[in-house]
Amino acid sequence: MTKIKTIGILTSGGDAPGMNAAIRAVTRAAKFNGFRVMAIYRGYRGLIDDEIVEFTNKSVSNIIQLGGTILKTARSDEFLSQEGRQKAYETIRKHEIDALVVIGGDGSLSGARQFAVEHDFPIIGLPGTIDNDLYGTDTTIGYDTALNTIMECVDKIRDTASSHERLFFIEVMGREAGFLALNSAIASGAEAAIIPEHATQFDQLAEFISRGFRKSKNSSIVLVAESKETGGALGLAERVKVEFPEYDVRVSILGHLQRGGSPTAHDRILASRMGFAAIEALLDDQRNVMIGIRDDEIVYVPFSKAVKIKKPIDDKLVETLRVLST
Ligand code: ATP
């Protein structure tokens, strides 16, 4: 049986829809099992600065439907240093916190791994990021909502694209990962997706143009993942304008609206299952794992794998888009 009595919970890095559902699930499952729950505001910065409040079941009522995170989130340069992490550890000792649940992306879980090793401290991670770029889990909390938001935006842009017979480059988030661009291209019936994972294999833009994107269509939409590798939507549009001045090219950068909004049912259920599983993992004396989901089953992924291994893009999805957009 676990010796853990008090659990700390925080959200860190970029906010993602469904983080609140995860906070609720962790809190309720922890209280159900007799743990105290200490809520840490503003991620690792709040842990260093001692921004901590005890949570009850009531603290998390009426939040499952809210976007963002009620715990706020932050990036902390101080936590990158050993001295910063030592201060965080002192706060943990002061509040007698025995284990942490960290909800965040790649960076946040790298920080969790570093801290767990340095202080021999149990941490469970939940993958909270719209980018879906964590290895060992099919999806991350927030990804499905962002995908749906992008799809709705692209549907609207297509109305104007087809009325004016334009070529639109739409840039979406992803932080060097193409999951959002590729799957939103499939979901919205776009003509192509330009993603960093394939940037070195061939010139995706040249291939798209050479296929004669306008021959059979009265508009074209290309989803572009933000990334140094792809050059982003503005860079691609500039190239096309120079090489093919006959095309009427437009750019739309969706930006932060992709992060917001009420989480989809998928993200709420995913966050609830993962939050529940985090407490089960602690009861089982597991530590330093990220909760993942594979083939609809909860799995435990060691931090070392989740943050170190690059999650591959499924080539079948790339082929599906290519064939269906002809
Ligand atoms: P998103 O994917 O949504 O951007 P993220 O969790 O990857 O979220 P980051 O800004 O990369 O966001 O990381 C959040 C915080 O985690 C950083 O501000 C820093 O405090 C901590 N962190 C990141 N990497 C490390 C590391 N290698 N060691 C210690 N702490 C880290």
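Novice: Honestly, the site of the ligand in this entry has me stumped. Any pointers?
Specialist: Around the ligand, the surrounding shell holds 18 residues, and the nearest of these are Arg-75, Ser-76, Gly-107, Ser-108 and Arg-175. Interatomic distance of 2.5 Å between a side-chain N/O atom of Ser-108 and an oxygen atom of the ligand. Within the side chain of Arg-175, one N or O atom sits 2.8 Å away from an oxygen atom of the ligand. Among the cavities detected, the one that contains the ligand is the largest pocket. With 5 residues, the top contributor of residues to the shell around the ligand is helix α4 (residues 106–119). Partitioned by chemical class, the residues of the shell around the ligand number 3 nonpolar, 10 polar and 5 charged.

Novice: How should the packing of helix α3 (residues 82–94) against α4 be read in this particular structure?
Specialist: Relative placement of two packed helices is described by the angle separating their axes and the distance separating the axes. Where α3 meets α4, the closest approach of the two axes is 11 Å, and the angle between their N-to-C directions is 70°. The orientation of α3 with respect to α4, classified from their angle, is roughly perpendicular. Counting all contacts with α3, which are made through Gln-82, Arg-85, Gln-86, Ala-88, Tyr-89 and Ile-92, the residues of α4 involved are Gln-114, Phe-115, Glu-118 and His-119. Among the residues forming the contact of α3 with α4, the class breakdown is 4 nonpolar, 4 polar and 2 charged.

Novice: Help me out: how do you make sense of the sheet that holds strand β6 (residues 167–172) in this one?
Specialist: Hydrogen bonds along the backbone pair up the strands of a sheet, which may run parallel or antiparallel. With parallel pairing, the 4 strands of this open sheet are ordered in space as β7-β8-β6-β9. The outermost strands of the open sheet, each flanked by one partner alone, are β7 (192–194) and β9 (249–253). Going from strand to strand, the sheet's axes swing by 20° on average, the running direction of each strand aside. As paired strands, β6 and β9 are joined by 5 bridges and run parallel to one another. Directly across from Phe-168, in β9, lies its bridge partner Arg-250. Set on the sheet, helix α8 (residues 232–243) makes contact with β6, β7, β8 (220–225) and β9; between it and β6 the angle comes to about 160°.

Novice: Can you walk me through the domain arrangement of the protein in this structure?
Specialist: The parts lose accessible area when they come together, and the size of an interface is often stated as this lost area. Partitioning the protein into structural domains gives domain 1 (6–142 + 263–306) and domain 2 (145–260). With 12 residues of domain 1 in contact, the opposing surface of domain 2 contributes 12 residues. Note on domain 1 versus domain 2: buried area summed over both sides is about 1,000 Å², and carbon and sulfur give 50% of it. Viewed at the interface, domain 2 and domain 1 are joined by 0 salt bridges. On inspection of domain 1 and its partner domain 2, the count reaches 5 residue pairs in polar contact (both at pLDDT 80 or more). Along the lines of polarity and charge, the residues of the side of domain 1 that touches domain 2 split into 3 nonpolar, 4 polar and 5 charged.

Quick notes on the rules
Residues numbered from 1 in each chain as written. Predicted model: local features only at pLDDT ≥ 70, side-chain atom pairs only at ≥ 80, totals over all residues. Heavy atoms only, no water. Near = heavy atom within 4 Å. Polar contact = N/O pair within 3.5 Å; in protein donor to acceptor, adjacent residues only side chain to side chain. 1 Å grid on protein atoms, 1.4 Å probe; cavity = no way out; pocket = protein on both sides within 12 Å on 5 of 7 lines; lining within 4 Å. Sits in = over half its atoms within 2 Å of the grid points. Helix = DSSP H or I, 4+ residues; strand = E, 2+ residues; numbered from the N terminus. Nonpolar A, V, L, I, M, F, W, Y, C, P; charged D, E, K, R; others polar. Axes fitted to C-alpha atoms, helices over the stretch in contact; angles between N-to-C directions. Parallel < 35°, antiparallel > 145°, perpendicular 65-115°, else oblique. Contact = heavy atoms within 4.5 Å. Pairing = 2+ DSSP bridges. Domains from an automatic or database assignment. Buried area = accessible area lost by both parts, 1.4 Å probe. Salt bridge = Lys/Arg side-chain N within 4 Å of Asp/Glu carboxyl O.

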